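Structural overview
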Amino acid sequence: MSLSLTAYGMVGALPALAPAENPTADFSDTPLWLALVKAVGVFVYLLLSTLLVIWFERRVIGRMQQRPGPNRNGPFGLLQTLADGMKAMLKEDITPANAEKVIYTLAPMITATMAFVAFAIIPLGGTVWMFGHQTPLQITDVPVAVLLVLAVASVGVYGIILAGWSSGSTYPLLGGLRSTAQVISYEIAMGLSLVAIFLYSGSMSTSAIVSAQSSLWYILPAFFSFVVYVITMVGETNRLPFDLAEGEGELTGGFHTEYSSMRFAMFFLGEYVNMFTVSALATTLFLGGWQAPPFIASINDGMFNQGWWGLLWFTIKLWMFMFLFVWLRGSLPRVRYDQFMRFGWKFLIPITLAWVVAVAFIRGAQLGFLGDSKLTIAGRELSVATVVIVSIVAVIALAAAWIWDDRRAQRAAAEDEAPPEEIDPFEDGYPVPPLPGQRLAEPGRRIAAEAVLSTASSSSGGGSTTVKEETHG
């Protein structure tokens, strides 16, 4: 079903020509002081959202696990997050003796500030009147705004690795290396998943991408990119089931093990603000940004799709992703680190590269670079080249799914084979406990077999292999 919807969106529901590369947001009537006011407003918006989402996460997971969650401090426990913040401020700030003092303090500041900076190019709404000026609900925009977000996220990685190194301890160093490798690996797949959006919109400007989705949100034609982005944004933010930087059984707290008080709180704040940043970017690129849903946008000539209404729709879409983060944390167990890295490098990156190539051909066919022949289907005029390319992509996807399912069935069949009834627990040099239904080899038989093996080895080098194979057979 999803494949057919994606194919339909790629074939006939996109505009024939891409918009201009430059931003569509008009900042000509925005003085510097008003830009500073909007920056303060975005800062307050993120701080309040962070306070609320921590309470929201505890309450939702509490309901999922049949417990109340915070319910004492304030109405419905709303002041619990504030109480936790005060506790973090009043706790003793301990600096390890072997720590690099300057870098140890600088690392959490880098992590927290970079998360806020990335939100500067996100359009929270359309053009509104503010203090006598007509200005977009966006701090700034540039022709490569999305790349700016990815670059700022990459700078935030320095906070992680510097925190692990400057602590002067083994566990934080290992946690910093592991977390950095995880974030960098999934940034590659995240960047590749956004290439399809650039091809469809013809721009990297966030305001231009939102304007290009006035008739169709890109979650339909770029459904596969959306799925990849959602996976990578969970890995990018170190959230369950991918919070492998905090493996309690392996690395205690990971890169921030030696941090306490407000320095630890800055890492905590940076993680949640980063969740809002990647969710806001997903809203902007795939869900039409601040624009109202189509059935609401059509009411009274778009009355609910203008002005400050955009902030409401943007916030609703943003919190849909935040609920997804909370739902995943309350539902899925932590994965193994090697499986997670193998999934990113051996599956996500190659398949996303193939998807980018397919979208490039599809977009080229839509713009007429592969011929002008037209085909009428159900009253809609479609490009023949586009239909052919989409059909080829669909066939390749189905064949790959069939091959993958067949191999998985073969592996399952191999795993279902009955284990041997008798095993030697010291066969490979270290003790191996028997599985249910198995029995251990008798010690006498094992000692006799070793004696025969040693005798054969001393008599002839060539026959030792045969005797060993017969003994273990």
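Procedures and definitions
Residues numbered from 1 in each chain as written. Predicted model: local features only at pLDDT ≥ 70, side-chain atom pairs only at ≥ 80, totals over all residues. Heavy atoms only, no water. Helix = DSSP H or I, 4+ residues; strand = E, 2+ residues; numbered from the N terminus. Contact = heavy atoms within 4.5 Å. Pairing = 2+ DSSP bridges. Expected span 1.5 Å × (residues − 1). Buried < 20%, exposed > 50% of the residue type's maximum accessible area, 1.4 Å probe, protein only. Axes fitted to C-alpha atoms, helices over the stretch in contact; angles between N-to-C directions. Parallel < 35°, antiparallel > 145°, perpendicular 65-115°, else oblique. Left-handed = near helix turned anticlockwise from the far one by under 90°. Nonpolar A, V, L, I, M, F, W, Y, C, P; charged D, E, K, R; others polar. Phe/Tyr/Trp six-rings, centres within 6.5 Å; stacked < 30°, edge-to-face > 60°. Lys NZ or Arg CZ within 6 Å of the ring centre and 35° of its normal. Polar contact = N/O pair within 3.5 Å; in protein donor to acceptor, adjacent residues only side chain to side chain. Salt bridge = Lys/Arg side-chain N within 4 Å of Asp/Glu carboxyl O.

1. Topic: the environment of L244
Tracing the backbone through its elements, the reader meets L244 in the loop between α8 (223–236) and α9 (248–251). In sequence terms L244 and S179 are 65 residues apart; their C-alpha atoms lie 7.0 Å from each other. With residues near it in sequence (within four places) discarded, L244 still touches R178, Q182, R334, V335, R336, Y337 and F340.

2. Section: the pairing of strand β2 (residues 133–136)
Bridge count for strand β1 (residues 127–130) against β2 is four bridges, and the pairing is antiparallel. Across the sheet, the residue bridging to M130 is H133, located in β2. In sequence, β1 turns back onto β2 through a hairpin of two residues, with F131 there showing a positive phi of about 55°.

3. Details of helix α5 (residues 145–166)
Because each turn of an α-helix spans 3.6 residues, side chains separated by three or four positions end up pointing in the same direction. Compared with an ideal rise of 1.5 Å per residue, which puts 22 residues at 32 Å, α5 spans 32 Å between its outermost C-alpha atoms and is within 8% of the ideal. The set of residues buried in α5 consists of A145, V146, V149, L150, V152, G156, V157, G159, I160, A163, G164 and S166. Where α5 is buried, its residues meet α4 (101–117), α6 (170–201), α7 (206–212) and α10 (261–286). Looking one or two residues beyond α5, the residue adopting positive phi is G168, at roughly 70°.

4. Digging into unusual backbone geometry
Along the chain, L240 connects to P241 via a cis peptide bond; the corresponding omega equals 5°. Located in the positive-phi region is Q66, a residue other than glycine, with phi close to 60°. Judged by its relative accessible area of 78%, Q66 is exposed. For S261, which is not glycine, the phi dihedral falls at a positive 55°. Looking at the element boundaries, S261 is found in helix α10.

5. Quick notes on the packing of α4 against α5
Relative orientation of the contacting elements α4 and α5 amounts to 160°, with a least axis distance of 8 Å. Of the possible angle classes, the one that applies to α4 and α5 is roughly antiparallel. The interaxial crossing formed by α4 with α5 has left-handed handedness. Across the interface between the two elements, I103, Y104, A107, I110, T111, M114 and V117 from α4 touch V152, V155, G156, G159, I160, L162, A163, W165 and S166 from α5. Grouping the amino acids of the contact of α4 with α5 by side-chain chemistry returns 12 nonpolar, four polar and no charged.

6. Points about the packing of aromatic side chains
Enumeration over the complete set of coordinates arrives at 19 aromatic pairs. Aromatic ring contacts, followed pair by pair, group F56, F276, W319 and F323 into a single cluster. Over the aromatic face of Y337 sits the side chain of R178, whose NZ or CZ is 5.1 Å from the ring centroid.

7. Considering the side chain of S167
When you line up the elements, S167 lands in the loop between α5 and α6. Residue class for S167 comes out buried when judged on its relative accessible area of 1%. A polar side-chain atom of S167 sits 2.7 Å from the main-chain carbonyl oxygen of A163. Excluding its chain neighbours within four sequence positions, the residues that come into contact with S167 are P96, N98, A99, Y104, P172, F255, E258 and Y259.

8. Observations regarding the pattern of salt bridges
Within this structure, the stated rule accounts for eight salt bridges. The shortest N-O distance in the salt bridge between E57 and R329 comes to 2.8 Å. With E57 in helix α2 (residues 32–64) and R329 in helix α12 (residues 309–331), the pair connects residues that are 272 residues apart, well separated along the chain. Assessed through its relative accessible area of 3%, E57 is described here as buried. Here R239 ties to E271 by a salt bridge, and the two come within 3.6 Å at their closest N and O atoms. Placement of R239 in the loop between α8 and α9 and of E271 in helix α10 is noted, with a sequence separation of 32 residues between them. By relative accessible area, which is 3% here, R239 ends up buried. A cluster of three or more residues bridged by salt bridges with shared partners is formed by E57, R239, E271 and R329.

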